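# Architecture at a glance
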Amino acid sequence: MDQLEGFLAEEKEDHVCQLKKSLCGLKQSLRQWYKRFDAFMTTHGFSRSAFDSCVYYKKMSSNSMIYLLLYVDDMLIAANNITEINILKKLLSKEFDMKDLEAAKKIFGMEISRENGILHLSQKRYIKKFEDGVEHQSKIPYASTIGSIMYAMVCTHPDIAQFVSVKKGEDYKIVKAFLKNHGSLVSRKYSYSEVKKMTEYFKNKLDQGGYGFVYKGKLHNGSLVAVKVLKESKGRGEEFINEVASISRTSHINIVSLVGFCFEGQDRALIYDFMPNGSLEKFIFDAKSGTNRQLGWKTLYNILLGIARGLEYLHH
């Protein structure tokens, strides 16, 4: 990991620290925690599900089954015999620092109730957020809102599946029509998850303005890109898609090339070739010293000529 601010080793500022154990919050910590927990469970006779690596099961002497579901550091244990559940909880408590919350009442946004030996699952409170917070939902990214509704659909409300599929399909239809109409002229379409990965979750911000923010990114082939993430994107997106089509057709030495785009509801981004020298404004104005660089008349003339040629190309 990087050296901590204020604790840099002299003449070794470019060095990094080698951890002797994982720290909470680092990328590797979850993996290390899972490896430790998995080793513990398998050592005590539990098998890992082939369908979900976080589900463990074990056949007891009475031919009954006991199951353990792991979600980060939360666990849900299910079995027909309460004695077997208590034995497993004691076993886990000896190895890990745990808090026993007794019978499960809520997990993953689902409320659990028991009546006459029957378990009932409900997402009443989870769904009520959408009923009470219509105005609040308008401030949440479109994809996140749809994802939340889809979670309710998968868990307890399969009856809304058709509505969610139609709503999510509107963006797909717009993009599909766009790709069909413009064919080979179109830059590559990236998903929003791909945008987050190429920018390392928006780690390196290059610039910002009224349109949104620009981040430095890297594609799978190692090419550097500048990712312009647009904010407050509204409407169904025809205007944005038309803009992508227009930029895709431009090819000029004085105009930055469009590499790709992202369009998922209100999550929209434009991906350009990365210019290592930065903007002309940043080149002229040195932010560190607070001074302006003086450019010669010949340099200024060449800059103006390049801008003029770019504008001429765009207007024709």
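Residues numbered from 1 in each chain as written. Predicted model: local features only at pLDDT ≥ 70, side-chain atom pairs only at ≥ 80, totals over all residues. Heavy atoms only, no water.

### A short note on a nonpolar patch on the surface
Residues M1, L4, F7, L19 and L23 make up a contiguous nonpolar surface patch of roughly 490 Å² in combined accessible area. Assignment of secondary structure puts F7 in the segment before α1 (27-43). Note on F7: relative accessible area 67%, which makes it exposed. (Patch = residues over 30% accessible without salt bridge, like charges linked within 9 Å, V, L, I, M, F, W, Y side chains within 5 Å. Areas by Shrake-Rupley, 256 points an atom, 1.4 Å probe, with all protein chains shown as cover. Salt bridge = Lys/Arg side-chain N within 4 Å of Asp/Glu carboxyl O. Helix = DSSP H or I, 4+ residues; strand = E, 2+ residues; numbered from the N terminus. Buried < 20%, exposed > 50% of the residue type's maximum accessible area, 1.4 Å probe, protein only.)

### Things to note about helix α2 (residues 82-95)
For α2, built from 14 residues, the straight-helix expectation of 20 Å at 1.5 Å per residue is met to within 8% by its first-to-last C-alpha distance of 21 Å. Taken together, the buried positions of α2 are E84, I85, L88, K89 and L92. One side of α2 holds all its buried residues, which, seen down the axis, span an arc of 135°. Facing away from the buried side of α2, by more than 90 degrees, are the exposed residues K90 and K94. For α2, the N-terminal capping position is held by N81, with its side-chain oxygen 2.8 Å away from the main-chain nitrogen of T83. (Expected span 1.5 Å × (residues − 1). Arc of directions from axis to C-beta. Polar contact = N/O pair within 3.5 Å; in protein donor to acceptor, adjacent residues only side chain to side chain.)

### Structural notes on the pattern of salt bridges
Tallied over the full model, the rule gives three salt bridges. Of the charged contacts in the structure, one is a salt bridge between R36 and E95, with a shortest N-O distance of 3.5 Å. You can see R36 sitting in helix α1 and its partner E95 sitting in helix α2, a full 59 residues away along the chain. Its relative accessible area of 43% is what places R36 among the partly exposed residues. Its relative accessible area of 36% is what places E95 among the partly exposed residues. With a closest N to O distance of 2.6 Å, R48 and D38 form a salt bridge. Separated by 10 residues along the polypeptide, R48 in strand β1 (residues 47-48) and D38 in helix α1 bring together distant segments of the chain. Residue classification places R48 among the partly exposed positions, given a relative accessible area of 39%.

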